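# Structure assessment
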There are 2 protein chains.
Amino acid sequence: MTGTLYGLGIGPGDPDLITLKALKILHAAPVLAYPTLEDGNSLARAIVAPHLSGLHTEIPIRIPMTTARKPAQDAYDRAAIDLKSHLDDGHDVAVLCEGDPFFYGSFMYLFGRIAESHRVEVVPGVSSLTACATALQAPLSARNDVLTVLPAPLADDALRSRMEQADSLAIMKVGRHFGRIRSLIRDMGLSDKARYIERATLETQKILSLEEVPTDVAPYFSMILIHKRGQAWK
Amino acid sequence: MTGTLYGLGIGPGDPDLITLKALKILHAAPVLAYPTLEDGNSLARAIVAPHLSGLHTEIPIRIPMTTARKPAQDAYDRAAIDLKSHLDDGHDVAVLCEGDPFFYGSFMYLFGRIAESHRVEVVPGVSSLTACATALQAPLSARNDVLTVLPAPLADDALRSRMEQADSLAIMKVGRHFGRIRSLIRDMGLSDKARYIERATLETQKILSLEEVPTDVAPYFSMILIHKRGQAWK
């Protein structure tokens, strides 16, 4: 009997925003894998830390933070081989995924390498998208709103045409694109409908207007939400 | 001391997809409110039924299912008065919300009536959006995908122009619009990239190609997902 690979959505940051289902699987699986920065820090592991017994075999997956694809692909190739060997030994492996595994999640890279040969089960989680709306105390989308989620690395023209057509907008992966995105939103006259949210649901959560953000580079875990009807930005 | 109104995201259907945070609040709040159909049935209450102690004061909120706005508005007006009286008596009130309260949720109607005068806290939940992607075993959005969520009641032209601009699409509130939406997707040549999902994560979950759906009217709790790159529809 080979083991099952679980992609566990563990939610946006607050350890209590994990689901019962993910928690049960976390407690039952003998092997735990999670992405880490090159310095070894892992937000995913920190989120579940209060729920860990100390009995797991832990597999940190170090993913190089670079825009070049090859180093990351190599890292996922190596991780997939490692995880498969645990599965082949009959052990279930839980992979921790911030937010939801299938919502812009890096889990897809492991899924793509392992699902054809081994059993994979994905557990959906609370995404940063709705966590940010909660942080703002304002509905993300309502009634017949069109909601569009845009990755910030897209070119200005591509962003602009989609922003024109949506009622609610979430801009993800802001990071080093923040300055450019802020200018675009300003040009489109949407600044007063936009809010910047950093580390939603964590104790270090920040909510700012775009003009209040002191730099042109935002952390990786940040998002901009825009609601054109401007409802209830409190 | 007045009580707090909690909008609890309870997830898409599987009782284990509730978060620890929602569960703790559910156990602590003395008053429980939830939407019901006119016949008294409540999916929200059914989702949390395994977690209930039997000790809550329960407030079913009967919402008329009609496209006319007035009867529903009147029902929310009455419910808000009722819930406020419990809050004013010092009791916390937990309102059950399928999926996430701020993702096309009816909780916004209570939020809009109560948040100005009373303390309201929203707990985000696993949305049907990512639950449906999990059901399909395929990433909802990845890398620099543009993801757009469209309510089916929009006119064909409005839907078509937004569908042309997105990589991933979720069409919500399909219901009586299913036949029209199916024709539109067929006309756009996207049928083989589309899947129909009904009651995701419940035991009665169904996944069908659009052509397999035997009627032009779908249940309220159904969604269509389209990924233009057509990845991994298994």
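These numbers come from a predicted model, not from an experiment.

Moving on, we get to the pairing of strand S3 (residues 57–62) of chain B. Regular strands place their side chains on alternate faces of the sheet. Residue and element names in this part refer to chain B. Of the strand pairs in this sheet, strand S2 (residues 31–36) and S3 are connected by six bridges, and their pairing is parallel. Opposite Thr36, over in S3, you have Arg62 as the bridge partner. The handedness of the S2 to S3 crossover, carried by helix H2 (residues 43–48), is right-handed.

All right, on to the packing of helix H6 (residues 156–164) of chain A against helix H7 (residues 178–187) of chain A then. How two helices pack is summed up by the angle between their axes together with the distance between the axes. Residues and elements named next belong to chain A. It is the contact of H6 with H7, at a shortest axis distance of 11 Å, that shows an interaxial angle of 45 degrees. The angle between the axes of H6 and H7 places the two elements in the oblique class. H7 is crossed by H6, and the crossing has right-handed handedness. Listed contacts from H7 to Asp156, Leu159, Arg160 and Met163 of H6 are Arg180, Ile181, Leu184, Ile185 and Asp187. When grouped by side-chain class, the residues that make up the contact of H6 with H7 number five nonpolar, no polar and four charged.

This next bit is on the relation of the copies chain B and chain A. Expressed as a screw operation, the relation of chain B to chain A combines 0.0 Å of axial shift with a rotation of 180 degrees, fitting to an RMSD of 0.0 Å. The operation mapping one copy onto its partner corresponds to a two-fold rotation axis. Of the residues that chain B buries at the interface, 100% are likewise interface residues in chain A, meaning the two copies contact each other through the same surface.

Let us look at the domain arrangement of chain A. All names here are of chain A. Each assigned domain of chain A is listed with its residue range as follows: domain 1 (5–123) and domain 2 (128–227). The centre of domain 1, based on its C-alpha atoms, is set 27 Å off from the matching centre of domain 2. At the junction of the two partners, domain 1 supplies ten residues and domain 2 supplies 13 residues. On the domain 1 side of the interface with domain 2, the three residues burying the most area are Pro12, Phe103 and Tyr104, jointly 53% of the side's total. In this structure, the connection of domain 1 to domain 2 is made through zero salt bridges. There are one residue pair in polar contact (both at pLDDT 80 or more) connecting domain 1 and domain 2. For the side of domain 1 that touches domain 2, a count of residues per class yields six nonpolar, two polar and two charged.

All names here are of chain B. When helix H4 (residues 107–114) is considered as a whole, its buried residues turn out to be Phe107, Met108, Leu110, Phe111 and Ile114. Seen from one end, H4 has its buried residues packed into an arc of 160 degrees, which puts them on one side. Buried positions along H4 lie against strand S1 (5–9), S3, helix H3 (69–88), strand S4 (93–97) and strand S5 (120–123).

All names here are of chain A. Despite not being glycine, Lys173 has its phi angle at roughly 55 degrees, a positive value. As for its placement among the helices and strands, Lys173 is situated in the loop between strand S7 (168–172) and H7. Within the chain, Thr201 stands out as a residue other than glycine whose phi angle is a positive 75 degrees. Mapped onto the elements of the fold, Thr201 is located in the loop between strand S8 (194–198) and strand S9 (206–208).

As a further point, take the pattern of salt bridges. Inspection of every chain in the model, using the stated rule, returns 24 salt bridges over all chains. Notably, a salt bridge pairs A:Asp14 with B:Lys21, separated by 3.9 Å at the nearest N-O pair. Placement of the pair is A:Asp14 in the loop between strand S1 (5–9) and helix H1 (20–28) and B:Lys21 in helix H1 (residues 20–28), with the two residues belonging to separate chains. Owing to a relative accessible area of 16%, A:Asp14 belongs among the buried residues under this scheme. For the salt bridge of A:Arg229 with A:Asp145, the shortest nitrogen-to-oxygen distance reads 2.7 Å. Of the two residues, A:Arg229 sits in the segment after strand S10 (222–227) while A:Asp145 sits in the loop between helix H5 (128–136) and strand S6 (147–151), which places them 84 residues apart along the sequence.

Criteria and cut-off values
- Residues numbered from 1 in each chain as written.
- Chains lettered and ligands numbered in written order.
- Predicted model: local features only at pLDDT ≥ 70, side-chain atom pairs only at ≥ 80, totals over all residues.
- Heavy atoms only, no water.
- Pairing = 2+ DSSP bridges.
- Helix = DSSP H or I, 4+ residues; strand = E, 2+ residues; numbered from the N terminus.
- Right-handed = clockwise from strand over helix to strand, strands pointing away.
- Axes fitted to C-alpha atoms, helices over the stretch in contact; angles between N-to-C directions.
- Parallel < 35°, antiparallel > 145°, perpendicular 65-115°, else oblique.
- Left-handed = near helix turned anticlockwise from the far one by under 90°.
- Contact = heavy atoms within 4.5 Å.
- Nonpolar A, V, L, I, M, F, W, Y, C, P; charged D, E, K, R; others polar.
- Least-squares fit on C-alpha atoms with pLDDT ≥ 70 in both.
- Domains from an automatic or database assignment.
- Buried area = accessible area lost by both parts, 1.4 Å probe.
- Salt bridge = Lys/Arg side-chain N within 4 Å of Asp/Glu carboxyl O.
- Polar contact = N/O pair within 3.5 Å; in protein donor to acceptor, adjacent residues only side chain to side chain.
- Buried < 20%, exposed > 50% of the residue type's maximum accessible area, 1.4 Å probe, protein only.
- Arc of directions from axis to C-beta.

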